[in-house]
Amino acid sequence: AQSVSQHNHHVILSEAASLELGCNYSYGGTVNLFWYVQYPGQHLQLLLKYFSGDPLVKGIKGFEAEFIKSKFSFNLRKPSVQWSDTAEYFCAVSHSGGGADGLTFGKGTHLIIQP
Amino acid sequence: DTAVSQTPKYLVTQMGNDKSIKCEQNLGHDTMYWYKQDSKKFLKIMFSYNNKELIINETVPNRFSPKSPDKAHLNLHINSLELGDSAVYFCASSLSGRETQYFGPGTRLLVL
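Our next topic: a nonpolar patch on the surface. Residue and element names in this part refer to chain B. On the surface, Val-12, Leu-110 and Leu-112 cluster together into a nonpolar patch covering about 270 Å² of accessible area. Within the secondary structure, Leu-112 sits in the segment after strand S11 (107–111). Here Leu-112 falls in the partly exposed class, since its relative accessible area comes to 48%.

See below:
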C-alpha cells in the first residue's frame, strides 16, 4: 500500500524567508506526485505535479518541487514566501499504472507566514 | 464556470438522520471521487467511480452509499448519521483516472 509522509506538521516563517517542505512516499511502482494547497476555508488547489520527465517541476505562485527517485522524495520549495502563502499544504501520490486510483495524501503541513 | 460543484456547502443535522450530498462536474471527466477530511485535516479517499462504475470502495461503513446517475454526477448518501461522520467531504474529478484531480469546494457536515 502507498503511504506519504510529511515531516513538518507546523511551520512558521517570516515573510521573504525561503521555504522547503519535505515529502516522502512509500510505493514500489511508478507514481504520479502532487502538491495541493488549501487556503483557510477553501478547497484544495493544485500547486504542481510530476508525472514524468524533468524531475524539477515548477508550479503556480512561484512554487517548485524536485522529484528524487532514489530518495522517494518530492520536496516543495519557494525562495521567498509571502503572507498570502499561509495555508495547509498536502503532498499526494497516485499509482501511475492507470485506473481510477484515489490520491494518497500526507497528513499536511500547516504553514504560517508572519508579516 | 464552476468546474466541480457540491451542494450543500454546510449541513448540520441530528444523529440518526439520513442526508445526501450532491456533486457535479462540468469538465467532461469520466472519473469522480469522494474524500473525507477529518478534524485534523487528514484527507482519505472513500470512493471512486469511472464511467458510473464503482472502482474503489475503501473501508467505509455501508451507511455511506455513492450513486452516479451519469458521468457528470456523483452523489453521496449517508444513512443513520453518527457523531464521527462530522467532517468535510470533498468531491473530485479527473480524466481517465490518471490525470490531475480537481476538487470541489467541500461540504462541511456537522452531526449533533
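Residue and element names in this part refer to chain A. Counted according to the given criterion, the structure contains 15 aromatic pairs over all chains. Here Tyr-25 and Phe-72 contribute two aromatic rings whose centre-to-centre distance is 5.5 Å and whose plane-to-plane angle is 70 degrees, an arrangement assigned as edge-to-face. With Tyr-25 in strand S4 (residues 24–26) and Phe-72 in the loop between strand S8 (64–68) and strand S9 (73–78), this pair connects stretches of sequence that are 47 residues apart. Look at Tyr-25 and you get buried, because its relative accessible area is 7%. Between Phe-34 and Phe-51, the ring centres sit 5.7 Å apart and the planes meet at 80 degrees, which makes this aromatic pair edge-to-face. In this pair, Phe-34 is assigned in strand S5 (residues 31–38) and Phe-51 in the loop between strand S6 (44–50) and strand S7 (56–58), connecting sequence segments 17 residues apart. Phe-34 gets classed as buried once you look at its relative accessible area, which sits at 0%. When its relative accessible area of 26% is taken as the criterion, Phe-51 is described as partly exposed.

The subject of this paragraph is the pattern of salt bridges. Counted by the stated rule, this structure contains 6 salt bridges over all chains. Measuring nitrogen to oxygen at the nearest pair gives 3.4 Å for the salt bridge that ties A:Arg77 to A:Glu64. On the criterion of sequence distance, the pair formed by A:Arg77 in strand S9 and A:Glu64 in strand S8 is long-range, its members being 13 residues apart. Under the relative-accessibility criterion, A:Arg77 is labelled partly exposed at 22%. Taking the relative accessible area as the measure of exposure, A:Glu64 reaches 19% and is therefore buried. Here B:Arg63 ties to B:Glu82 by a salt bridge, and the two come within 3.5 Å at their closest N and O atoms. Here B:Arg63, found in the loop between strand S6 (53–57) and strand S7 (64–70), pairs with B:Glu82, found in the loop between strand S8 (73–78) and strand S9 (87–94); they are 19 residues apart in sequence, far enough to count as distant. Here B:Arg63 falls in the buried class, since its relative accessible area comes to 13%.

It is worth spelling out the pairing of strand S4 (residues 31–37) of chain B at this point. All names here are of chain B. A large share of S4 lies buried, amounting to 6 of its 7 residues. Where S4 meets strand S5 (residues 43–50), 7 bridges bridge the pair, whose relative direction is antiparallel. From the neighbouring strand, Tyr-35 faces S5, where its bridge partner is Ile-45. In this structure, the hairpin formed by S4 and S5 is closed by a connection of 5 residues, where Lys-41 is found at a positive phi of approximately 75 degrees. Relative to S9, S4 is paired through 7 bridges, and the arrangement is antiparallel. The residue of S9 that forms the bridge with Gln-37 is Val-88.

What follows deals with the interface of chain B and chain A. The interface is formed by 23 residues belonging to chain B together with 21 residues belonging to chain A. When residues of chain B are sorted by the area they lose upon contact with chain A, B:Leu43, B:Thr100 and B:Phe103 head the list and together hold 30% of the total. Here chain B is connected to chain A by 0 salt bridges. Counting across the chain B and chain A interface gives 4 residue pairs in polar contact (both at pLDDT 80 or more). Every element with two or more residues in the side of chain B that touches chain A is listed here: S4, S5 and S6 of chain B. By residue class, the composition of the side of chain B that touches chain A is 10 nonpolar, 9 polar and 4 charged.

Once that is clear, we can look at the pairing of S9(A). Taken together, the 3 bridges between strand S3 (residues 19–21) of chain A and S9(A) define a ladder with antiparallel strand orientation. Pairing of A:Leu19 across the sheet is with A:Lys78, part of S9(A).

Residues and elements named next belong to chain A. According to the stated counting rule, one finds 2 disulfides over all chains in the structure shown. Linked covalently through their sulfurs, Cys-23 and Cys-91 form a disulfide whose S-S length is 1.9 Å. Sign of the S-S torsion, about -65 degrees for the bond between Cys-23 and Cys-91, identifies this disulfide as left-handed. Residue Cys-23 is located in the loop between S3 and S4, and its partner Cys-91 is located in strand S10 (residues 87–95); the two are separated by 68 residues in the primary sequence. Residue Cys-91 is classed as buried on the basis of its relative accessible area of 0%.

About the cut-offs
- Residues numbered from 1 in each chain as written.
- Chains lettered and ligands numbered in written order.
- Predicted model: local features only at pLDDT ≥ 70, side-chain atom pairs only at ≥ 80, totals over all residues.
- Heavy atoms only, no water.
- Patch = residues over 30% accessible without salt bridge, like charges linked within 9 Å, V, L, I, M, F, W, Y side chains within 5 Å.
- Areas by Shrake-Rupley, 256 points an atom, 1.4 Å probe, with all protein chains shown as cover.
- Salt bridge = Lys/Arg side-chain N within 4 Å of Asp/Glu carboxyl O.
- Helix = DSSP H or I, 4+ residues; strand = E, 2+ residues; numbered from the N terminus.
- Buried < 20%, exposed > 50% of the residue type's maximum accessible area, 1.4 Å probe, protein only.
- Phe/Tyr/Trp six-rings, centres within 6.5 Å; stacked < 30°, edge-to-face > 60°.
- Pairing = 2+ DSSP bridges.
- Contact = heavy atoms within 4.5 Å.
- Buried area = accessible area lost by both parts, 1.4 Å probe.
- Polar contact = N/O pair within 3.5 Å; in protein donor to acceptor, adjacent residues only side chain to side chain.
- Nonpolar A, V, L, I, M, F, W, Y, C, P; charged D, E, K, R; others polar.
- Disulfide = S-S within 2.5 Å.

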